[in-house]
Amino acid sequence: MKLRQKSTPWGWALSGALLGLLLSTALFAPARWLSSLLRQVSQGQLLLQDARGTVWTGSARVTVTGGPGSQETATLPGRLAWIFSPGLGPARLQLHADCCMQQAWAMRLQPRWNGFQVSLSDAQSQWPAKLLAGLGTPWNTIQPQGELLLTTQGLTLAWAAGRLVLSGAAQLDAMNLSSHLSTLRPMGSYRFSLTGGTPVSLALTTLQGSLQLTGSGQWVGGQLRFNGEASAVPQHQAALSNLLNLIGRRNGARSIIKVG
C-alpha cells in the first residue's frame, strides 16, 4: 500500500506567497493598465494620460483623438477621477471630472443573461465644446467653441444578444456656439434630445441664433437614421455660407443633413 506524501511546510509557504502575490497584483494593479486597455477598446480615440493610482481608484488626464493616423487631439482641462467597486452583485463605478462636474456620475454595471446593463444616475455636467475637435472630421474643421450642457434622466443601456436597448433620456444643450469658419460670434444655441424606447428617437432644435438647425431621427437596429436642415437668417447668410457648405448638401439657402 502506497502512502501519500505529506505536503512540506515549504510547499504551504510557496502556495501562500503565490496567492498573496496574485491578490496584491489584483488589488494594486496600476492605473496605466486601464489606460492601455481603454486605448485598445476605443481604437486609440480615448486616451488616459498621466494615469495615477490603481485600476480601482485613480485619476488621469483625458484626451480624445480621431483615431489611428489622426493628428487631431483635444485634452480635457483638469483630471478625471474614478472609483470602481466590483462585487458579487452589480459593480459600481463613480466618475468625476473636476473641470466639468459638480457631482460624480454614479454608474451601476450588472451582468445579465447573454449581456449586461449599465444604469447612470441622473446628473448634469458642463463640457467645453472645443473637446469635439479632437474627434476629427468634421469637428476639426468646424473647430467649435462654446459650452456643452449634458443632462441625463433615468438613462439605462442594456446589451442582450448583440442588441442595444436604451431607456430614459439625455439632453445636450450646445450654448453660444461659434466657429473659426464664421466671423459671426456666437452663431446660436441648440438642443439635441435623445429619448429611449423602441426605437430610440432623436431631435435637434434651435434655442436661439442666426444659424438655424432642425432635425429628427431614430436609432433602428444599430443604425442611425437622421434627417435635418440648416439655414441662416437673411441678414447673416454671407457670414454663415462657408459653414452651411460644410454642414450638409446645399439646396439653395439651405443645407440638407442626412445620415443613414
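Up top is the structure.
(A) Geometry of the nonpolar core. Of all hydrophobic cores here, the largest spans 43 residues; its most connected members are Trp 105, Trp 127 and Leu 211. Sort the elements by how many residues they give to this core and strand 10 (residues 163–178) lands first, with four residues.

(B) Structural context of the packing of aromatic side chains. Counting across every chain of the model gives three aromatic pairs. Ring centres of Trp 105 and Trp 127 lie 5.9 Å apart, and the angle between their planes is 55 degrees; this geometry places the pair in the tilted category. Here Trp 127 lies in strand 8 (residues 123–128) and Trp 105 lies in strand 6 (residues 105–112), a separation of 22 residues in the sequence. In this structure, Trp 105 and Trp 127 share a single accessibility class: buried. Ring centres 4.9 Å apart and planes at 25 degrees place the aromatic pair Phe 116 and Trp 159 in the stacked group. Here Trp 159 lies in strand 9 (residues 145–160) and Phe 116 lies in strand 7 (residues 115–120), a separation of 43 residues in the sequence.

(C) Region of interest: helix 4 (residues 237–247). All of the buried residues along helix 4 are Leu 240, Leu 243 and Leu 244. For helix 4, the angular spread of buried residues about the axis comes to 110 degrees, placing them on one side. Exposed positions of helix 4 whose direction lies more than 90 degrees from the buried face are Ala 238 and Asn 242. Considering only its buried residues, helix 4 is in contact with helix 3 (139–142), strand 13 (211–220), strand 14 (223–232), strand 15 (249–251) and strand 16 (254–259).

(D) Fine view of the state of the cysteines. Counting across every chain of the model gives one disulfide. Each disulfide pairs two cysteine sulfurs, and for Cys 99 the partner residue is Cys 100, the sulfurs being separated by 2.3 Å. Judged by the torsion about the S-S bond (-85 degrees), the Cys 99/Cys 100 disulfide is left-handed. Accessibility expressed as a relative area gives 34% for Cys 99, which makes it partly exposed. Given the relative accessible area of 6%, Cys 100 is considered buried.

(E) Structural detail: the pattern of salt bridges. A complete count under the given rule lists four salt bridges for this structure. One salt bridge connects Arg 52 with Asp 50, and the closest N-O pair in it is separated by 2.9 Å. Two residues, Asp 50 and Arg 79, come together in a salt bridge whose shortest N-O distance is 3.0 Å. Separated by 29 residues along the polypeptide, Asp 50 in strand 1 (residues 46–53) and Arg 79 in the loop between strand 3 (73–75) and strand 4 (80–85) bring together distant segments of the chain. Looking at Arg 79, the relative accessible area reads 16%, which means it is buried. When salt bridges that share partners are traced, they join Asp 50, Arg 52 and Arg 79 into one network.

Reading the values: the criteria
Residues numbered from 1 in each chain as written. Predicted model: local features only at pLDDT ≥ 70, side-chain atom pairs only at ≥ 80, totals over all residues. Heavy atoms only, no water. Core = buried A, V, L, I, M, F, W, Y, C linked by side-chain atoms within 4.5 Å. Buried < 20%, exposed > 50% of the residue type's maximum accessible area, 1.4 Å probe, protein only. Helix = DSSP H or I, 4+ residues; strand = E, 2+ residues; numbered from the N terminus. Phe/Tyr/Trp six-rings, centres within 6.5 Å; stacked < 30°, edge-to-face > 60°. Arc of directions from axis to C-beta. Contact = heavy atoms within 4.5 Å. Disulfide = S-S within 2.5 Å. Salt bridge = Lys/Arg side-chain N within 4 Å of Asp/Glu carboxyl O.

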